[in-house]
Amino acid sequence: MNRWLPFEWIMAVRFLREGRLQTIFIIGGISIGVAVIVFMSAMLAGLQANFIKRVLTSQPQIQLLAPDQVARPLRKGAGELEDALVQRPSQRVISIDQWPKIASQMRAMPEVTAVSPTILGSVLVVRGDASRSVTLSGVEPDSYFKIVKVPDYIVAGEPRLTSEDIIIGIELAKDLGATVGDKLNVRAASGATRVLTISGLVDLGNKGVNQRICYAALRTAQSLLGMIGGVTTIDITVTDIYAAEEIAQRIQAANAVEADSWIKTNAQFFTAVQAQQNTNTLIRLFVGLSVAFGIAAVLVVSVIQRSKDIGILRAMGTSRGQVLRVFLVQGGLLGFVGSLFGAVMGVFALVYWHSLARQADGTELFPLMLERSLFIYTALLATITGLLAAMAPAVRAAKLDPVVAIRG
Amino acid sequence: MANREEDASQKASEILKLERVCKAYNVGLPTETEVLHDIDLKLDHGEFLALMGPSGSGKSTLLNIVGLLDRPTSGRLLIKGRDTAALGDAEITRLRGHTIGFVFQYHLLISAFTARENVMMPMLADRGFPSAEIEARANRLLGQVGLEKFAGNLANNMSGGQQQRVAVARALAMNPDLVLADEPTGNLDTRSADAVFELMRQVNRDSGTSFLLVTHNMDLARRCDRIIEVVDGRIRA
Ligand SMILES: Nc1ncnc2c1ncn2[C@@H]1O[C@H](COP(=O)(O)OP(=O)(O)OP(=O)(O)O)[C@@H](O)[C@H]1O
Ligand SMILES: [Mg+2]
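Residues numbered from 1 in each chain as written. Chains lettered and ligands numbered in written order. Predicted model: local features only at pLDDT ≥ 70, side-chain atom pairs only at ≥ 80, totals over all residues. Heavy atoms only, no water.

As for the overall build of chain A
And then number 1: Looking only at helices and strands, one finds 15 helices and 12 strands in chain A.
And then number 2: With the principal axes as the frame, chain A shows a C-alpha extent of 105 × 60 × 35 Å.
And then number 3: Sorting the 408 residues of chain A into buried and exposed places 48% on the buried side.
And then number 4: Here the contacts in chain A between residues at least 6 apart in sequence split such that 75% fall between residues at least 24 apart.
And then number 5: Carbon and sulfur atoms make up 61% of the accessible area of chain A, which amounts to about 20,500 Å² in all. (Helix = DSSP H or I, 4+ residues; strand = E, 2+ residues; numbered from the N terminus. Buried < 20%, exposed > 50% of the residue type's maximum accessible area, 1.4 Å probe, protein only. Contact = heavy atoms within 4.5 Å. Areas by Shrake-Rupley, 256 points an atom, 1.4 Å probe, with all protein chains shown as cover.)

Here is the structure:
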C-alpha cells in the first residue's frame, strides 16, 4: 500500500484495478473522445497559426495611408452653393502629410515594435523585349525587414537594397528571363527611368504576388515615382497582434491618416476561424457529454457490484463522506487517465495526418503545434468531467444502507 | 436525572444495554411488521454471550441494532452508558468504528485486497493514511490468528476458515470493546469452526473484549459465559 495515498485513493485505485475490463473499456472510450478533441484542436490551431504567420510575416499588422481625398461642394457665399453636384475624385497617389512626425509618434507608442515608412507605386520593368507592369515598394530595409520578413523569403541572391538594387518576385524573374545580377530598366509613368541590379529573388508563397512584387530602396523609389521625401504608407507591427485593430482605430482618431489593421483587411479569415471555433466547441461539448455518461454508467454498475464491499466498509467505521469520495476519485481518475491515453492517441493521429496532408506544392498543410496548454486544459477538463459524472453514483454509494448491502 | 446517574454508575461494568427495544420493518407501509418486541438486554465488559434462536427470530436484526448499523423503532440503546438515539450519522459511524468489531457469516473480506490490507482497513479508514504502525499492527493480529504466512494473500485465495480468521483479526483491529459475530462459523466445518471459536474465546480471555456471538451450534454455545435465546423477536430466559 502506498504510504502517500489517502484511504479514498487506495480504495478507488483498487476498485478500478479489480474492475479490469470495465475499466479498460471506459478508459478506451474516454481516450478516443479526448483524442478527437486534441487532434481537432491542435490541427485547427496549426492551420490558424500557419495562416497568421504567413499573413504577419508578409504583411504589416497596421498600415497607415493618406486619407481619402474628398471633394467639397463649391460655395459662393454663406449657404449658397455654386455647384452642388459632387463627384468622387480620382485618387491620386499622394504622400502622407507630415509623415516623419507621424512616424516618430508611432515609434514612441509602447505597443508598437517596428515602424517603416514605405512608398508604393506602379512602374514598368523592362528587360530586352520583355516588360511587365509591377508594384514597386520603396522601403528602408532595416525597419521594413522587421515587419515583412523579406530575408526569410529570399530564394536566390541576398536581401540587399542599396540605391542601385532591386529585389523581385521569382515569377517576375521568370517572366523577364532575368536572375540575380541582371540589370533591369525601371520606368515610372512620369517617364523617369533608372537601371537597377537584381540583388535577390523572393518567393512569398503566392503566384500572383510573386509576379508583381519588387522592392527597391526608399530613396530610389521616391525619385522614380516623383515623390522626393514622400511616402505613401507607414507600416507598423505591434506587440499584441490581436490588439492591432484597436490600436489602428486609436491612431486613426488621433492623426490625419487612414489606419488599416490586418484584422480588418483579413476579416473573412476571422469569420472562418470563428465558425470553426464554434464547431469545435460544439464537438467538445458533445464528446464531453458522452464521456460523462459513459463514466456515470460504469460507476453506477460498479456501485451495485461493490455494494457488499461498501456495506462492510461502512460497518468498519467508514463514513458516508469517505464512501462518496472513493467513487468521486474513481470518476476523476478515469477522466484523467483517459485524457493521458487520449492525448497520446491524438498526438499520434496528428503526426500521422501531418505527414500525409500536404499542400499542392508539397509543403506541410499545417505546422505541428503541440502546446502544453492544450494538454493541461484537456486533462483538467476530462478530470472535472469524470468528477461530475461520478457525482450521482457516488451519492448513491454513500446513501447505501449497510444492513441491506451486507444482507444482499 | 435519575437515568443519567444510573448510566454513569453502570458505565464501568456494562458495555451494552438495551431497554424495551422494538424494531419494525416497513414502518408506515401496509407490510409493516414488528420483528423485535421489547428487548431488554445487558452485556458486561468482558462477557462472552451466545445468542441462539430459530431462523427468522430476529437475531441478525438485533445484532444490526446493537452494531449501530440500524436504529431501533423504539426503546433505548446504550453503548458504554451512552444513549445512541441522539447521535447523528457521523457520530454513530465514529462510535461504531472505535467500539465495535464485526464478523459476518458471508461476504467476509473485501476481495480486491490482501489479508493484511483487509485487517488494516478499519485503521486506515480511521486515520486516513497508511502507516508502518498500522501495517505492523495488522501483521501482529494476523500472527495472533495464526495467519502471518498468508498476510500477502488476496482474500479470495484463502479457505473459508482462513478468511474467517482474517475477519476476526480485522474485527479486532481498532481494539474494540465489543465484537459482534453473526454465525461466523456457520459456513465452516467442525474443526475450522472450533478453531475460529477458540480464537475468539482466547481474545476475550486475554484482552477482555466482550463478544456477542450468534450461533446455531449448541456445542459452541455451551462454551460461552451465557446463552440467550431469541424466539419470535422476544428474549426467552
Ligand atoms: N429489511 C427487512 N424488511 C422486512 N423484513 C425483514 C427485513 N430484514 C429482516 N426481516 C424479517 O425480520 C425477521 C428477522 O430476520 P433476521 O434476519 O433478524 O432473523 P435471524 O434470526 O437472523 O434468522 P437467521 O437465523 O436465518 O439468520 C425475519 O422474519 C425477516 O423476514
Ligand atoms: Mg441472521
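As for the interface of chain B and chain A
And then number 1: Residue-level contacts link 29 residues of chain B with 30 residues of chain A.
And then number 2: When the two sides are added together, the surface that chain B and chain A hide from each other amounts to roughly 2,600 Å², 64% of it contributed by carbon and sulfur.
And then number 3: Where chain B touches chain A, the interface holds three salt bridges.
And then number 4: Applying the counting criterion to the chain B and chain A interface returns seven residue pairs in polar contact (both at pLDDT 80 or more).
And then number 5: Take the side of chain B that touches chain A: its biggest share by element is six residues, from helix 4 (residues 115-127) of chain B. (Buried area = accessible area lost by both parts, 1.4 Å probe. Salt bridge = Lys/Arg side-chain N within 4 Å of Asp/Glu carboxyl O. Polar contact = N/O pair within 3.5 Å; in protein donor to acceptor, adjacent residues only side chain to side chain.)

Here we look at unusual backbone geometry
All names here are of chain B.
And then number 1: At Asn26, a position not held by glycine, the phi torsion is positive, near 55°.
And then number 2: Look at Lys80: it is not a glycine, yet its phi comes out positive at around 50°.
And then number 3: Within the secondary structure layout, Lys80 lies in the loop between strand 4 (74-79) and strand 5 (82-83).

Considerations on the domain arrangement of chain A
And then number 1: By the assigned domains, chain A splits into domain 1 (7-55 + 270-407) and domain 2 (91-256).
And then number 2: Averaged C-alpha coordinates put domain 1 of chain A and domain 2 of chain A at centres separated by 52 Å. (Domains from an automatic or database assignment.)

A few points about helix 7 (residues 190-207) of chain B
All names here are of chain B.
And then number 1: An ideal rise of 1.5 Å per residue puts 26 Å on 18 residues; helix 7 measures up with 26 Å between its terminal C-alpha atoms.
And then number 2: Turning to helix 7, its buried residues number three or more, namely Ala193, Val196, Phe197, Leu199, Met200, Arg201, Val203 and Asn204.
And then number 3: Of the surrounding elements, those touching the buried residues of helix 7 are strand 3 (48-52), helix 5 (132-144), helix 6 (160-171), strand 7 (178-182), strand 8 (210-214) and helix 8 (218-222).
And then number 4: Residue Asp189 occupies the N-cap position of helix 7, its side-chain oxygen lying 3.0 Å from the main-chain nitrogen of Arg191. (Expected span 1.5 Å × (residues − 1).)

Details of helix 14 (residues 372-399) of chain A
Residue and element names in this part refer to chain A.
And then number 1: Relative to the 40 Å expected for 28 residues at 1.5 Å per residue, helix 14 spans 40 Å between its end C-alpha atoms, a close match to the ideal helical length.
And then number 2: At Met391, helix 14 shows its largest bend, some 45°, and a proline, Pro393, comes one to four positions later.
And then number 3: Of all the positions in helix 14, only Leu374, Thr378, Ala379, Ala382, Thr385, Gly386, Ala389, Ala390, Pro393, Ala394, Ala397 and Ala398 are classed as buried.
And then number 4: Here the buried face of helix 14 lies against helix 2 (20-58), helix 11 (267-305), helix 12 (307-315) and helix 13 (320-356). (Bend = angle between axes of the 7 residues up to and from the residue.)

Considering the site of ligand 1
And then number 1: Taken together, 13 residues form the shell around ligand 1, and within it Arg407(A), Ser55(B), Lys59(B), Ser60(B) and Thr61(B) come nearest.
And then number 2: Between ligand 1 and the protein, one listed contact pairs an oxygen atom with a side-chain N or O atom of Thr61(B) at 2.6 Å.
And then number 3: For ligand 1, the accessible surface in isolation is 630 Å², of which the surrounding protein chains cover 65%.
And then number 4: In terms of residue count, the dominant contributor to the shell around ligand 1 is helix 2 (residues 59-66) of chain B (three residues).
And then number 5: For the shell around ligand 1, the residue count by class is three nonpolar, seven polar and three charged. (Near = heavy atom within 4 Å. Nonpolar A, V, L, I, M, F, W, Y, C, P; charged D, E, K, R; others polar.)

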